[in-house]
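What follows is the residue order along each chain.
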Amino acid sequence: MNKEALDQWLARLFERDRRAAAKLISWVEDDIEREYIMRSILKQTNQQMVVGITGPPGAGKSSLVEALTKLYRSNNERVGIV
């Protein structure tokens, strides 16, 4: 994918386009231009936060992510989950 097309998707993301967010998350997850996308997003945001949660099956990862998502969104913050 060319950088110009990616930049258009990124511009839509910053306009709060949910489809663009979903598409970009999928590309990052599938390692399609992951580094370019993440660097572009981090460059645009002054709050550079990336959280990774790992653990064995049944440890409560999904429950933790759900609780964190609710907490951040209750403070009108945006969350993207890969």
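Student: Account for the packing of aromatic side chains, with residues named and values stated.
Tutor: All chains considered together, the criterion is met by one aromatic pair. Note on W9 and W27: the rings are 5.6 Å apart at their centroids and 85 degrees apart in plane angle, and the pair reads as edge-to-face. Linking W9 in helix 1 (residues 3–14) with W27 in helix 2 (residues 18–29), this pair joins segments that are 18 residues apart in sequence. We note that W9, like W27, is buried. Seen from the ring of Y36, K3 lies directly overhead, with NZ or CZ sitting 4.7 Å from the centre.

Student: Before we move on, could you go through the nonpolar core and cite the residues and values that matter?
Tutor: L6, W9, L10, L13, A20, L24, W27, V28, I37 and I41 together form the largest nonpolar core, which totals 10 residues. For this core, the elements supplying multiple residues, two or more each, are helix 1, helix 2 and helix 3 (34–44).

Student: I'd like a rundown of the side chain of T69, residues and numbers included.
Tutor: Of note, T69 is situated in helix 4 (residues 61–74). Accessibility expressed as a relative area gives 10% for T69, which makes it buried. Each residue touching T69, except ones within four places of it in the same chain, is listed here: V79 and I81.

Parameters and conventions
Residues numbered from 1 in each chain as written. Predicted model: local features only at pLDDT ≥ 70, side-chain atom pairs only at ≥ 80, totals over all residues. Heavy atoms only, no water. Phe/Tyr/Trp six-rings, centres within 6.5 Å; stacked < 30°, edge-to-face > 60°. Helix = DSSP H or I, 4+ residues; strand = E, 2+ residues; numbered from the N terminus. Buried < 20%, exposed > 50% of the residue type's maximum accessible area, 1.4 Å probe, protein only. Lys NZ or Arg CZ within 6 Å of the ring centre and 35° of its normal. Core = buried A, V, L, I, M, F, W, Y, C linked by side-chain atoms within 4.5 Å. Contact = heavy atoms within 4.5 Å.

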